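Chain residues, written in single-letter form:
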Amino acid sequence: MSHDTHPIGRPTAGAAGPAGSREGALVAELAALGSAALVDAMGRVHRHRAHVLPLVSPCPERVLFGRAATVSFMPWRDDVEEASKTFADLFYEAVGDDPSGRVLVLSSGGHPQVSHGGGTKLSRVANHRLAGVLADGRLRDFRQLRGYDFATWCRGESTRWGGDTVMPYAANTTVEFAGVCITPGDYVFCDAAGAVVVPADSWQLVLETAREVDADDARFLRQIREEAVPRTARAL
């Protein structure tokens, strides 16, 4: 349970009107619930691993929420057809005709400690109003990324280009991300404590369960606050 307030990356598309207001309210609620409550809720609804340990952000007070648009990376080779594809090719294939509010998910390609992009290539995320980026690798240009209004979470900052080590390989495919399976359209939430991936078909149930988890925590806090000091100290 968290009662901190967090600035958010763009909710979904920064949409105007009632729908945008509802979406913004949902993201604010998720920021207050925090990733831990969602992870606990996922554990009650599903049995598979759904949590990612804490990542790094150029603007860590921003939370990230939206549906996944995936780009898988592979170790670089110069003799395969996919090597001729550019990041732009796969970005536009991944986000499709309705990019607003999507989370661009970049897999590691087996090299999480090299750069998978930077502020220039990822300016497309701002141009097309995605919610942000979740990268299982490092990113360059944190200062530039901080200037955009989307949320970015990754393995850390890099100064060196990584295009001779990894290559974007395919879009809209299931990817492995830090031991978690992410499929296109999954709901992704990330804050400073970590990330959680929720299947689209389970989203509403997981959200309702996370609210129950948060309410349970609040009730336990009140009970603990009212505990009397025992006459004989309990063994911890």
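Residues numbered from 1 in each chain as written. Predicted model: local features only at pLDDT ≥ 70, side-chain atom pairs only at ≥ 80, totals over all residues. Heavy atoms only, no water.

Draft legend 1. Region of interest: the packing of helix 2 (residues 35-45) against helix 6 (residues 203-225). Packing of helix 2 against helix 6 leaves a shortest axis separation of 8 Å and a crossing angle of 120 degrees. The handedness of the crossing between helix 2 and helix 6 comes out as right-handed. Here helix 2 contributes A37, L38, D40, A41, M42, R44 and V45 to the contact with helix 6, which in turn contributes W203, L205, V206, T209, A210, V213 and D216. Of the residues that constitute the contact of helix 2 with helix 6, the class distribution is 10 nonpolar, one polar and three charged. (Axes fitted to C-alpha atoms, helices over the stretch in contact; angles between N-to-C directions. Helix = DSSP H or I, 4+ residues; strand = E, 2+ residues; numbered from the N terminus. Left-handed = near helix turned anticlockwise from the far one by under 90°. Contact = heavy atoms within 4.5 Å. Nonpolar A, V, L, I, M, F, W, Y, C, P; charged D, E, K, R; others polar.)

Draft legend 2. Structural detail: helix 3 (residues 87-95). By the burial criterion, the buried members of helix 3 are F87, A88, L90, F91, A94 and V95. Along the long axis of helix 3, the arc covered by the buried residues comes to 165 degrees, so they all point the same way. Looking one or two places after helix 3, you find G96, whose phi comes out positive at around 65 degrees. (Buried < 20%, exposed > 50% of the residue type's maximum accessible area, 1.4 Å probe, protein only. Arc of directions from axis to C-beta.)

Draft legend 3. Molecular detail of the packing of aromatic side chains. This model, assessed by the stated rule, comprises six aromatic pairs. An angle of 25 degrees between the planes, with centres 6.4 Å apart, marks the rings of F87 and F91 as stacked. Here F91 and F87 lie together in helix 3, a separation of four residues that amounts to about one turn. This pair shows no difference in class: F87 is buried, exactly as F91 is. Taken together, the aromatic side chains of F65, Y187 and W203 make up a single cluster linked through ring pairs. (Phe/Tyr/Trp six-rings, centres within 6.5 Å; stacked < 30°, edge-to-face > 60°.)

Draft legend 4. Spatial organisation of the nonpolar core. Counting residues in each nonpolar core, the largest one holds 24 residues, and the members touching the most others are L104, L106, L122, V125, V133 and L139. Elements that contribute at least two residues to this core include exactly strand 2 (64-75), helix 3, strand 3 (103-106), helix 4 (123-127), strand 4 (132-135), helix 5 (142-147) and strand 8 (166-171). The residues touching L122, leaving out its near neighbours within four places in the chain, are F87, L104, V133, L139, L145 and F150. Counting 21 residues, the second largest nonpolar core, distinct from the first, contains A37, V196, L207 and A210. (Core = buried A, V, L, I, M, F, W, Y, C linked by side-chain atoms within 4.5 Å.)

Draft legend 5. Quick look at the layout of surface pockets. Volume-wise, the largest pocket comes out at about 310 Å³. Around the largest pocket sit 21 residues that line it, and F87, H116, K121, W161 and G163 are the ones nearest its centre. No other element matches strand 8, which puts three residues into the lining of the largest pocket. The class makeup of the residues in the lining of the largest pocket is eight nonpolar, nine polar and four charged. (1 Å grid on protein atoms, 1.4 Å probe; cavity = no way out; pocket = protein on both sides within 12 Å on 5 of 7 lines; lining within 4 Å. Points joined across faces, edges and corners; volume = space filled by probe spheres on them.)

Draft legend 6. How the structure looks around the pattern of salt bridges. Per the stated rule, a full pass over the model turns up six salt bridges. Between R44 and D216 there is a salt bridge, and its shortest N-O distance comes to 3.8 Å. Note that R44 is positioned in helix 2 and D216 in helix 6, a separation of 172 residues in sequence. The class for D216 is buried, based on a relative accessible area of 18%. In this structure, the salt-bridge partner of R155 is D136, at a minimum N-O distance of 2.6 Å. One end of the pair, R155, is in the loop between strand 6 (151-153) and strand 7 (156-157); the other, D136, is in the loop between strand 4 and strand 5 (138-139), and 19 residues separate them in sequence. What makes R155 partly exposed here is its relative accessible area of 32%. Residue D136 is classed as buried on the basis of its relative accessible area of 2%. Through salt bridges that share partners, R44, D216 and R219 make up one connected network. (Salt bridge = Lys/Arg side-chain N within 4 Å of Asp/Glu carboxyl O.)

Draft legend 7. Representation of the side chain of S115 within the structure. Mapped onto the fold, S115 is located in the loop between strand 3 and helix 4. Under the relative-accessibility criterion, S115 is labelled buried at 5%. In terms of polar contacts, S115 uses its side chain to reach the backbone carbonyl oxygen of G117, at 3.1 Å. Excluding residues within four positions of it along the chain, S115 makes contact with R138, L139, R140, S158, R160, W161, G162 and V166. (Polar contact = N/O pair within 3.5 Å; in protein donor to acceptor, adjacent residues only side chain to side chain.)

Draft legend 8. Just the environment of P60, in detail. Relative to the helices and strands, P60 resides in the loop between strand 1 (51-52) and strand 2. Excluding its chain neighbours within four sequence positions, the residues that come into contact with P60 are W153 and A192.

Draft legend 9. Molecular detail of unusual backbone geometry. Of note, D141 is a non-glycine position whose phi angle comes to about 65 degrees, a positive value. For D141, the location among the structural elements is in the loop between strand 5 and helix 5. A residue is classified by how much of its surface remains accessible, and D141, at 30% relative accessible area, is partly exposed. The backbone of N172 sits at a positive phi, close to 55 degrees, despite the residue not being glycine.

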